[in-house]
Amino acid sequence: MFSIDTFEEAIKSFYETTDLDVKAVERREFMFSHQSRHKAFPSVDALREYAIETAPVSITHSLARYFDPERREPYATKNMSPDEHVRWGMDDKGHAGIDIGFDIDYDHLPNIRSYRHGLEHAKENAKRLYFFLTKDLAIDPQYISIRFSGHRGYHMVVTDESLLSMGTAERANIENYVRGHEVHLSGFLHVSNHQGVWANKKGQFQYRLYPNNVPGWGGLFTQTFIEMVNEYYALPTDEMKMERLKSWTPIHQGSIKDSTFKRPSFTSKETVKITDGVYQQIHDFLTNQYVLEQLTKDWALTRHANAAGLKSTGLKHLIRMVIQRAQLTKGVEADAITKELNRQLRLIGSLHTTSGMPCIEITYDMLDDLDLMFEHIRDSVGRDMVEIEVKNECNVHVLDRVVAPGTYTVPRYEAYSILCMDVKVEKEKATTTSEEVAAA
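Please read all numbers here as calculations on a predicted model, not as lab measurements.

Asker: In this structure, what is going on with the overall build of the protein? I would like to understand it.
Answerer: Broken down by element type, the protein carries 15 helices and 20 strands. Along the longest, intermediate and shortest principal axes, the C-alpha atoms of the protein span 75 × 50 × 50 Å. Burial statistics for the protein: of 440 residues in total, 50% are counted as buried. Summarising the internal contacts of the protein: among those between residues at least 6 apart in sequence, 70% fall at separations of at least 24. Carbon and sulfur atoms make up 48% of the accessible area of the protein, which amounts to about 21100 Å² in all. For the protein, the centre of its 52 positive side-chain charges and the centre of its 63 negative side-chain charges are spaced 8 Å apart.

Here it is as structure tokens:
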């Protein structure tokens with residue numbers, strides 16, 4: 001029977017049957033239970049034996065491949081904090097190459113209504129990332145590992161050995177590119193002069209759209225602009241159109257003269273101040289069907305905007321609206337880990353002890369279809385019926401239900417999710433009790 005009292009045995013049972021997988025295992029540094037690291041193993045079988053023996057609550061491995069993954073300095077300063085002590089000596093291991101990793105979660109996205117809804121949003125970001133990697137950066141799909149993280153999203157890891165020697169700066173450029181962060185205006189539009197593109201008060205700079213089928217942020221900008229025009233045109237009244245236009249007001253990102261655009265935050269509140277007269281100019285341009293049709297013939301944005309009465313200031317505001325919309329809807333919302341050379345990711349086949357689900361490698365088809373992915377997870381964990389004793393009332397969010405204390409017979413894949421949440425609730429109760437005792 002699965003229960004809090006047999007939690008360690010349940011974890012050992014999981015690692016007896018799960019398919020652990022990591023490329024170049026002998027070069028990796030492993031960490032167990034978020035604290036015991038600087039471990040190395042000659043094979044996956046040796047790693048599995050250790051997991052069965054110790055029943056860790058989590059297993060992660062380095063994206064880096066080291067010549068001596070177990071190495072750490074033999075001495076430590078007494079004044080060193082536990083966190084510093086654990087991480088100390090990473091560079092002494094000797095880098096033999098570092099995989100390029102991406103971590104995509106939904107926990108910081110707005111308006112998430114449920115666990116599945118969050119994964120739906122996260123998978124859209126993962127699909128965009130896969131497109132950037134395979135199309136824009138021309139990375140062979142055989143070197144891209146797509147993984148369900150075990151909880152709130154996805155990991156994607158590039159293992160092409162020709163790319164593993166890149167340093168922090170090059171990795172930061174990849175990270176910024178897929179996120180749409182710190183992209184110069186000329187990456188979104190043809191600009192007649194790249195120097196001081198926002199500084200000209202007389203509107204002499206000419207902006208031209210890239211064709212919407214070109215790769216990169218130029219094509220994405222034009223696609224976004226077309227989508228916004230169609231969305232605007234579909235609204236039945238001018239009042240609704242103007243309301244929508246004001247909802248596109250760009251988030252304040254410094255001076256409008258700054259020609260490099262940072263990716264805005266979903267939670268940013270401060271927006272650019274735009275006068276009613278400028279809103280009206282943009283409205284007139286977006287509702288001028290003749291001018292918009294002419295624009296699609298040569299993409300000369302400045303010339304056609306001027307023909308519709310949209311002056312320089314209004315055009316700049318419209319461009320910023322489209323840029324930020326493109327960044328938020330076409331770019332990848334990912335945690336900034338790609339440039340971190342000593343980063344660790346969850347091991348394929350290991351259990352996430354909040355969700356009770358495994359980190360597992362998936363195909364692009366599974367990424368595109370959550371039901372297909374969940375079936376794969378159930379097959380991996382096991383569908384056989386097991387008994388479970390629940391001690392606490394548990395909101396098992398990954399199953400989208402509350403489980404009351406009692407004894408149940410459930411599929412094995414549900415049993416781990418319920419058990420891990422029961423253990424979490426029990427630990428939270430113990431922590432609260434300890435704090436109350438200390439306060440008394």
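Asker: Just to check I follow, could you spell out the sheet that holds strand 1 (residues 30-32) for this structure?
Answerer: Pairing between the strands of a sheet is mediated by backbone hydrogen bonds and can be parallel or antiparallel. Spatially, 2-1-3-13 is the arrangement adopted by the 4 strands of the open sheet, whose pairing is antiparallel. At either margin of the open sheet sits one strand with a lone partner, and together these are strand 2 (36-39) and strand 13 (344-346). Ignoring which end each strand starts from, the neighbouring axes of this sheet average 30° apart. Across 3 bridges, strand 1 lies against strand 3 (residues 59-62) in antiparallel orientation. The partner of Phe 30 across the bridge, within strand 3, is His 61. Of the strands in this sheet, strand 1, strand 2 and strand 3 touch helix 2 (residues 44-54), which is tilted by about 15° from strand 1.

Asker: Help me understand the pairing of strand 17 (residues 385-390) in this model?
Answerer: On a regular strand, one side chain projects to one face of the sheet and the next to the other, so that they alternate. Alternating residues of strand 17 divide into Val 386, Ile 388 and Val 390, all buried, and Met 385, Glu 387 and Glu 389, none buried. Pairing of strand 17 with strand 20 (residues 406-411), which is carried by 6 bridges, proceeds in the antiparallel orientation. Within the sheet, the bridge partner assigned to Glu 389 lies in strand 20 and is Thr 407.

Asker: Can you help me understand the nonpolar core in this one?
Answerer: As a rule of thumb, soluble globular proteins bury nonpolar side chains together. Among the nonpolar cores identified, the biggest contains 112 residues, and Phe 148, Tyr 154, Leu 189, Phe 225, Phe 285 and Met 373 are the most heavily contacted of them. Aside from chain neighbours lying at most four places away, what touches Met 373 is Leu 119, Phe 148, Tyr 154, Ile 362 and Met 366. Core analysis: the second largest hydrophobic core is formed by 7 residues, Leu 63, Ala 64, Tyr 66 and Ile 337 among them.

Asker: Explain the packing of helix 7 (residues 216-234) against helix 8 (residues 238-247) here, please?
Answerer: For any two helices packed against each other, the geometry is given by the interaxial angle and the distance between the axes. With their axes 8 Å apart at the nearest point, helix 7 and helix 8 run at an angle of 150° to one another. Seen from helix 7, the contacting residues are Glu 231, Tyr 232 and Tyr 233; seen from helix 8, they are Lys 241, Met 242, Arg 244 and Leu 245. Split into classes, the residues belonging to the contact of helix 7 with helix 8 amount to 4 nonpolar, no polar and 3 charged.

Asker: In this structure, what is going on with the packing of aromatic side chains? I would like to understand it.
Answerer: Geometry of an aromatic ring pair is reported as the spacing of the ring centres plus the angle between the planes. Going through the model one piece at a time under the given rule, you end up with 16 aromatic pairs. Between the aromatic rings of Phe 32 and Phe 41, the centroid separation amounts to 5.9 Å while the plane-to-plane angle is 85°, which identifies the pairing as edge-to-face. Pair check on accessibility: Phe 32 and Phe 41 agree, each one buried. Their ring planes at 55° and their centres at 5.4 Å tell us that Phe 41 and Tyr 50 sit as a pair that is tilted. For Phe 41, a relative accessible area of 9% translates into the label buried. Judged by relative accessible area, Tyr 50 falls into the partly exposed class, the value being 22%. Aromatic ring contacts, followed pair by pair, group Phe 132, Tyr 177, Phe 188, Trp 217, Phe 221 and Phe 261 into a single cluster.

Asker: Where do I start with the pattern of salt bridges in this structure?
Answerer: Two side chains with opposite charge may pair up if their charged atoms get near one another. Across all of its chains, the model carries 27 salt bridges by this definition. One salt bridge in this structure joins Lys 330 and Glu 227, with 2.7 Å as the shortest N-O distance. Residue Lys 330 is found in helix 12 (residues 312-330), and its partner Glu 227 is found in helix 7; the two are separated by 103 residues along the sequence. Judged by relative accessible area, Glu 227 falls into the partly exposed class, the value being 40%. Connected through shared salt-bridge partners, Arg 28, Arg 65, Asp 99 and Glu 161 make up one network.

How each quantity is defined
- Residues numbered from 1 in each chain as written.
- Predicted model: local features only at pLDDT ≥ 70, side-chain atom pairs only at ≥ 80, totals over all residues.
- Heavy atoms only, no water.
- Helix = DSSP H or I, 4+ residues; strand = E, 2+ residues; numbered from the N terminus.
- Buried < 20%, exposed > 50% of the residue type's maximum accessible area, 1.4 Å probe, protein only.
- Contact = heavy atoms within 4.5 Å.
- Areas by Shrake-Rupley, 256 points an atom, 1.4 Å probe, with all protein chains shown as cover.
- Lys, Arg positive; Asp, Glu negative; His and termini not counted.
- Charge placed at Lys NZ, Arg CZ, Asp CG, Glu CD.
- Pairing = 2+ DSSP bridges.
- Axes fitted to C-alpha atoms, helices over the stretch in contact; angles between N-to-C directions.
- Core = buried A, V, L, I, M, F, W, Y, C linked by side-chain atoms within 4.5 Å.
- Nonpolar A, V, L, I, M, F, W, Y, C, P; charged D, E, K, R; others polar.
- Phe/Tyr/Trp six-rings, centres within 6.5 Å; stacked < 30°, edge-to-face > 60°.
- Salt bridge = Lys/Arg side-chain N within 4 Å of Asp/Glu carboxyl O.

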